[in-house]
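# Structural features, examined
Listed below are the residues making up each chain.
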Amino acid sequence: MPIIRVALNIPVDTLFDYQSNDATQHDIGLRACVPFGKKRVTGVIIAVGSETQISIEKLKSAHCIFREIEPLPAALLDLFHFCSQYYHHPLGLVIMNGLPVKLRGNKPVKLKESSSNVQFSLTETGKQIDLSSIPARQRVARRLFTELHHTTVLSNLQAKKISPRASKLLQEWIQLKWVSAMLIPAMVTKAAKIPPLTAEQEIAVSAITTDIKQFNTWLLHGVTGSGKTEVYLRIIERVLAHGKQALILIPEISLTPQLETVFRARFPTTHLVSLHSGLNDTERLTGWIQAQRGEAKIILGTRLAVFTPLPDLGLVIVDEEQDSSFKQQDGLRYSARDLAIFRAKENDIPVVLGSATPSLESYYNALTGRYHSVRLLSRAIKNAALPLIQCIDTRTNKTQEGLSEPLIKALDRCLAEKHQSLVFINRRGYAPALLCKACGWTALCQRCSSRLVVHLRDKKLCCHHCGHRENFPRACPHCGNQDIAPFGQGTQRVEETLATHFPTARILRIDRDSIRRKNAWQDILHAIHAQEVDILVGTQLLAKGHDFPNLSLVGILNADSSLYSTDFRASERLFAQLMQVAGRAGRANVTGHVLIQTEFPDHPLYHALQKHDYDVLAKTLLAERKTAGFPPFVYQALLRAEAHNIAIVLDFLKQAANLANPPRSVELFDPVPAQMLRLKGLERAHLLVQSSSRRQLQAFMAEWYTRINTLPAHKVRWVLDIDPLEF
Ligand code: ADP
Ligand code: ZN
Ligand code: ZN
């Protein structure tokens with residue numbers, strides 16, 4: 001009797017064995033529904049064999065194996081295995097995290113047929129196949145095949161006329177690579193104009209495409225507006241010409257529709273799927289299956305898309321590779337960028353990491369030659385220069401309601417010239433705190449170590465960490481004083497202040513609150529491009545990737561708070577963010593001007609920013625990190641734990657530390673409370689482990705992980721975080 005070994009969505013690091021009458025080796029990678037305790041659960045078959053450690057009486061039978069879709073390809077299973085080992089997370093959880101929600105349930109999924117706007121043709125391989133290799137009794141198959149031979153392309157509708165079974169046959173032939181599917185181009189009203197490459201782009205494209213069939217990690221380091229997208233498009237074109245698939249990972253933001261439009265215009269007959277958090281479960285499943293079948297050739301997606309099955313993967317691109325949204329911050333704490341590199345290596349294909357401000361890890365890898373690097377130093381559009389960046393010293397130019405006189409004047413000039421401007425402040429809401437001027441009380445979240453943010457419009461105090469909302473108090477709960485007031489600036493307050501200064505200007509606020517409505521983004525982008533907006537007020541949502549040709553002025557408020565943070569990555573992040581925001585200005589024919597309000601105009605970070613000199617700052621930061629012994633000069637891992645009480649957490653971490661037996665090359669630090677002690681009602685602490693050898697750190701963590709698993713931890717939730725970004 002065959003025995004299947006199944007990875008289940010259960011937080012223990014083991015696989016489960018079941019009997020299954022009809023299982024064969026071909027079922028590895030299929031989903032199976034099995035009994036677990038009193039429940040039914042669905043997992044993925046990892047192995048099929050005839051032996052088990054479980055006594056035969058105790059061995060249960062699987063309910064069924066789902067065969068409606070192809071098994072997960074071996075390469076994807078390898079990725080899951082690697083991910084499980086590297087991040088020390090149970091394989092079942094890793095796999096279930098990576099699968100579309102619809103595939104996690106106990107039911108078979110219903111598949112949509114190929115959409116009606118698809119057409120099929122024989123590949124070169126298909127043309128070599130002789131009709132006689134299809135048995136005479138398979139009449140439908142023979143007719144369909146003959147038809148494909150006679151016509152160059154066969155639409156889905158024509159195929160269906162031959163037989164209702166045609167779709168299924170065509171799918172099989174796609175798998176066999178006899179047939180390829182293409183989209184029937186929609187009425188392309190205006191074909192995308194393909195600009196001639198700039199000299200720098202030319203060099204980048206030819207460098208990367210020279211070795212298009214082997215693994216290399218490329219750092220495409222190009223200033224904002226240097227036309228990295230065009231470089232991606234040209235490389236993708238090459239990969240598509242070889243019949244391969246391209247995976248493009250982008251940060252978890254609203255960039256997808258914009259980029260999708262660009263890609264669809266350039267490749268109108270190529271099947272593109274977009275996998276992001278805005279999709280419902282059915283849409284995601286459909287895209288995922290089209291990718292698995294090799295029908296979809298371009299896969300554009302956020303973090304989770306790194307787990308898409310891609311039988312013909314030929315290229316991976318990670319745009320804005322420094323973006324922290326590539327790292328999942330709960331549960332399985334994987335880095336999609338790092339997994340993308342693993343995938344490329346396994347497939348022996350290139351991976352391109354694009355950025356204007358690479359992460360110091362990637363930059364260092366390029367410096368040391370582990371990555372190949374190509375630079376784009378100037379903007380792609382003729383006459384578009386990098387913006388002029390200046391500081392406004394707020395010690396001498398006092399601000400009123402957060403805005404200084406020189407910034408107001410600059411905004412005024414910009415309005416007069418009918419150009420757009422952007423005021424950037426990375427805090428949504430009206431004000432970041434509610435303060436009693438009599439006793440100094442501020443409204444705090446009961447569940448988190450954070451202040452409640454004032455949202456004046458809905459008359460609420462909100463916690464931006466746990467989502468808690470409460471009503472405004474009438475008086476200070478501490479001293480009874482009625483004069484309590486919002487303190488500091490948030491996007492809503494800046495919007496209000498700007499409206500009093502510029503009563504006729506059309507002002508648009510863009511933050512997470514204002515884009516909640518479905519399609520809000522499209523409307524906003526449309527309004528900006530149609531010149532229906534004069535002043536934008538926005539958070540970092542606006543900073544990334546967008547191309548607003550008429551934007552000439554950017555004002556930056558309240559950036560100083562990150563300058564002297566305890567987080568060793570704060571400067572790197574601030575620089576990247578400001579560079580990105582500044583990069584929105586002057587992208588086309590209007591000159592860009594950036595004004596930063598600061599009390600520290602002589603800070604080296606602002607100096608580097610004004611000179612657009614990423615390298616000087618990166619090298620300074622690298623030198624600091626080297627002295628202090630921080631990444632990329634060491635590798636880090638955290639044991640994170642949380643519970644209702646910090647004492648329990650610290651006690652657990654101490655017990656875990658006692659179980660550790662690190663080699664000399666691995667350093668274990670004392671447990672410390674997290675930078676934000678309380679979150680969502682739980683108190684958190686962590687223990688840092690680091691080593692200059694990734695391999696030794698890994699080996700130690702693997703062994704320590706099994707030991708920690710033996711600790712009683714009913715009151716504590718813990719997880720390992722490899723290559724942590726947050727502390
Ligand atoms: P990045 O992603 O590097 O910030 P984009 O890819 O958004 O830059 O390109 C910036 C602008 O330059 C876009 O408007 C794009 O259409 C334009 N562009 C890119 N390459 C060229 C080129 N070779 N010739 C003319 N314009 C270009
Ligand atoms: Zn008070
Ligand atoms: Zn909270």
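Residues numbered from 1 in each chain as written. Chains lettered and ligands numbered in written order. Predicted model: local features only at pLDDT ≥ 70, side-chain atom pairs only at ≥ 80, totals over all residues. Heavy atoms only, no water.

### Notes on the overall build of the protein
Selection criterion: Segments assigned H or I by DSSP are reported as helices when at least four residues long, segments assigned E as strands when at least two residues long, and all are numbered from the N terminus. Accessibility here uses a 1.4 Å probe with only protein chains present; expressed as a share of the type maximum, an area under 20% marks a residue as buried, one over 50% as exposed, and anything in between as partly exposed. In this count, Lys and Arg are taken as positive residues and Asp and Glu as negative ones, while His and the chain termini are left out. One atom stands in for each charge, and that atom is NZ of Lys, CZ of Arg, CG of Asp or CD of Glu.
For the protein, the count of helices and strands is 20 helices and 33 strands. With respect to the principal axes defined by its C-alpha atoms, the protein has extents near 90 × 65 × 50 Å. Here the protein holds 727 residues, and the buried ones make up 55% of them. Taken together, the 87 basic and 67 acidic charged side chains of the protein have centroids lying 4 Å from each other.

### Digging into the coordination of the zinc ion (ligand 2)
The test is simple: Distances define the donors: N, O and S atoms within 2.8 Å of the metal qualify, as do those within 3.2 Å of Na, K or Ca. Water is excluded, so some sites may look unfinished. Metal sites are grouped by the angles between bound donors: all angles between 85 and 135 degrees with four donors is tetrahedral, opposite donors over 155 degrees apart with the others between 65 and 115 is square planar for four donors and octahedral for six, and any other pattern is irregular.
Taken together, the protein donors to the zinc ion (ligand 2) comprise Cys 436 (SG), Cys 439 (SG), Cys 476 (SG) and Cys 479 (SG), at separations of 2.3 to 2.4 Å. Geometry at the zinc ion (ligand 2) is tetrahedral, judged from the four donor atoms that bind it and their angles of 105 to 114° at the metal. If you list the donors of the zinc ion (ligand 2) from N- to C-terminus, the spacing comes out as C-x2-C-x36-C-x2-C. Within this pair, whereas Cys 439 is found in the loop between β20 (433-436) and β21 (453-455), its partner Cys 476 is found in the loop between β23 (469-471) and β24 (484-487), the two being separated by 37 residues in sequence. Judged by relative accessible area, Cys 439 falls into the partly exposed class, the value being 33%.

### Re the coordination of the zinc ion (ligand 3)
For the zinc ion (ligand 3), the full set of protein donor atoms is Cys 445 (SG), Cys 448 (SG), Cys 463 (SG) and Cys 466 (SG), at a range of 2.2 to 2.4 Å. Here the zinc ion (ligand 3) binds four donor atoms, and the angle range of 107 to 114° at the metal identifies the geometry as tetrahedral. Each donor residue of the zinc ion (ligand 3) belongs to the same chain, with the gaps between them written as C-x2-C-x14-C-x2-C. Residue Cys 445 is located in the loop between β20 and β21, and its partner Cys 466 is located in the loop between β22 (460-462) and β23; the two are separated by 21 residues in the primary sequence. As far as the burial class goes, Cys 445 and Cys 466 line up, both buried.

### Considering the nonpolar core
As a rule of thumb, nonpolar side chains are buried together in soluble globular proteins. Convention followed: For the purposes of this section, nonpolar cores are sets of buried Ala, Val, Leu, Ile, Met, Phe, Trp, Tyr and Cys residues that join through side-chain atoms within 4.5 Å. It only takes one pair of heavy atoms within 4.5 Å for two residues to be counted as in contact.
By size, the foremost hydrophobic cluster in this structure holds 75 residues, and its most contacted members are Leu 72, Phe 80, Ile 95, Leu 249, Tyr 334, Met 701 and Trp 704. Per-element accounting of this core gives the leading share, seven residues, to helix α1 (residues 74-87). Every residue in contact with Met 701, bar those within four places of it in the chain, is listed here: His 88, Ala 637, Val 689, Leu 720 and Ile 722. Membership of the second largest hydrophobic core comes to 43 residues, among which are Leu 541, Ala 585, Tyr 614 and Ala 618.

### Let's talk about the side chain of Arg 284
In plain terms, the rule: In what follows, salt bridge is the name for a side-chain nitrogen of Lys or Arg lying within 4 Å of a carboxyl oxygen of Asp or Glu.
Looking at the element boundaries, Arg 284 is found in helix α10 (residues 281-292). The buried charged residue Arg 284 lacks any salt bridge partner; its closest oppositely charged side chain belongs to Asp 281, at an N-O distance of 6.4 Å.

### A look at the packing of helix α7 (residues 199-210) against helix α8 (residues 228-241)
Spelled out, the test is: Fitting a line to C-alpha atoms yields each axis, with helices limited to the stretch in contact; the angle taken between N-to-C directions then spans 0 to 180 degrees. Handedness of a crossing is defined here by the sense of rotation of the near helix relative to the far one, left-handed for an anticlockwise turn of less than a right angle and right-handed for a clockwise turn.
It is at 10 Å that the axes of α7 and α8 come closest, and there the two elements cross at 35°. Pair α7 / α8 crosses with right-handed handedness. Taken together, the residues of α8 that come into contact with α7 (itself represented by Gln 201, Ala 204, Val 205, Ile 208 and Thr 209) are Glu 230, Val 231, Arg 234, Ile 235 and Arg 238.

### Focus: unusual backbone geometry
With omega at 5°, the peptide bond leading from Pro 631 into Pro 632 counts as cis. Along the chain, the position of Pro 632 falls in the loop between α18 (614-628) and β29 (635-643). In this structure, Lys 177 takes a positive phi of about 65° despite not being glycine. Position of Lys 177 relative to the elements: it lies in the loop between α6 (166-175) and β8 (179-183). Of note in this structure, Lys 418 is not a glycine but carries a positive phi near 60°.

### What to know about the site of ligand 1
Heads up, the rule is: Here a residue is near a molecule or strand as soon as one of its heavy atoms is found within 4 Å of it. By the criterion applied in these results, polar contacts are pairs of N or O atoms within 3.5 Å in which, for protein atoms, one can donate a hydrogen and the other can accept it, and in which residues neighboring in sequence qualify only through two side-chain atoms. Where accessible areas are quoted, they stem from the Shrake-Rupley method and a 1.4 Å probe; at the residue level, only the protein chains shown are allowed to cover.
Contacts to ligand 1 come from 17 residues, most closely from Pro 196, Gln 201, Gly 225, Thr 229 and Asp 547. Gly 227 places a main-chain nitrogen or oxygen 3.1 Å from an oxygen atom of ligand 1. The side chain of Lys 228 places a nitrogen or oxygen atom 2.9 Å from an oxygen atom of ligand 1. Isolated, ligand 1 exposes 560 Å² of accessible area, and the fraction of that covered by the protein chains is 75%. For the shell around ligand 1, the leading source of residues is α8, giving three residues.

### Focus: the pairing of strand β3 (residues 31-36)
The condition that has to hold: Any two strands with at least two DSSP bridges between them are considered paired.
Here β3 lies mainly inside the structure; five of its six residues are buried. Here β3 folds back onto strand β4 (residues 39-49) in antiparallel fashion, the turn holding two residues, of which Gly 37 has a positive phi close to 60°. In the sheet, β3 pairs with strand β5 (residues 64-66) via three bridges, with the strands oriented antiparallel. Opposite Ala 32, over in β5, you have Ile 65 as the bridge partner.

### Things to note about the sheet that holds β4
What holds strands together in a sheet is hydrogen bonding between their backbones, with the strands either parallel or antiparallel. The five strands lie next to each other as β2-β1-β4-β3-β5, forming an open sheet whose pairing is antiparallel. Strand pairing shows two members of the sheet lacking a second neighbour, β2 (16-19) and β5, which therefore form its edges. Here the strands of the sheet are splayed against their neighbours by 45° on average, with no regard to which way each runs. Across four bridges, strand β1 (residues 3-7) lies against β2 in antiparallel orientation. Along β2, the bridge assignment pairs Val 6 with Phe 16. Docked against the sheet, helix α2 (residues 91-98) engages β1 and β4, running at close to 110° with respect to β4.

### A few points about the packing of helix α16 (residues 570-582) against α18
Heads up, the condition is: In these notes the angle categories are as follows: under 35 degrees is roughly parallel, over 145 is roughly antiparallel, 65 to 115 is roughly perpendicular, and the rest is oblique. Classification used: nonpolar for Ala, Val, Leu, Ile, Met, Phe, Trp, Tyr, Cys and Pro, charged for Asp, Glu, Lys and Arg, polar for all others including Gly.
Where α16 meets α18, the closest approach of the two axes is 11 Å, and the angle between their N-to-C directions is 170°. By the angle between their axes, α16 is roughly antiparallel relative to α18. For the pair α16 and α18, contact is made by Ser 571, Glu 572, Phe 575 and Met 579 and by Tyr 614, Leu 617, Leu 621 and Arg 625, respectively. Across the contact of α16 with α18, the residue classes break down as five nonpolar, one polar and two charged.

### Concerning the sheet that holds β8
Strand order in the open sheet made by the three strands is β7-β6-β8, with antiparallel pairing throughout. Both edges of this open sheet fall to β7 (154-155) and β8, since each of them pairs with a single strand only. As paired elements, strand β6 (residues 118-122) and β7 share two bridges and run antiparallel to each other. In the strand pairing of β7, Gln 119 is matched with Ser 155.

### Some words on the environment of Leu 310
When you line up the elements, Leu 310 lands in the loop between β12 (298-301) and β13 (313-319). Overall, Leu 310 belongs to the buried group, its relative accessible area being 6%. When sequence neighbours within four positions are dropped, the list of residues in contact with Leu 310 reads Gln 245, Leu 247, Ala 291, Ile 299 and Arg 343.

### Digging into helix α12 (residues 360-367)
Because the α-helix completes a turn every 3.6 residues, residues three or four places apart line up on one side. A large share of α12 lies buried, amounting to six of its eight residues. Where α12 is concerned, the buried positions are Leu 360, Glu 361, Ser 362, Tyr 363, Asn 365 and Ala 366. As for α12, its buried residues are in contact with β9 (216-222), α11 (336-347), β14 (350-355), β15 (372-376), α16 and α18. Immediately beyond the C-terminal end of α12, within one or two residues, lies Gly 369, with a positive phi of roughly 90°.

### Considering the pairing of strand β10 (residues 245-249)
Of all the five residues making up β10, five are buried; the element is thus mostly covered by neighbouring parts of the structure. Burial along β10 is two-sided: Gln 245, Leu 247 and Leu 249 and Ala 246 and Ile 248, pointing in opposite directions, are all buried. Bridging between β10 and β13 involves five bridges; their strand directions are parallel. When the sheet's bridge partners are listed, Leu 247 is paired in β13 with Val 316.

### Quick look at helix α13 (residues 405-416)
Rule in force here: Here, expected helix span is obtained from the residue count minus one, scaled by 1.5 Å.
For α13, built from twelve residues, the straight-helix expectation of 16 Å at 1.5 Å per residue is met to within 8% by its first-to-last C-alpha distance of 17 Å. Structurally, α13 contributes buried residues whose contacts are with β16 (388-393), β18 (403-404), β19 (420-424), α14 (491-501), β27 (551-556) and β28 (593-598). After α13 finishes, the residue Lys 418 shows a positive phi value of roughly 60°.

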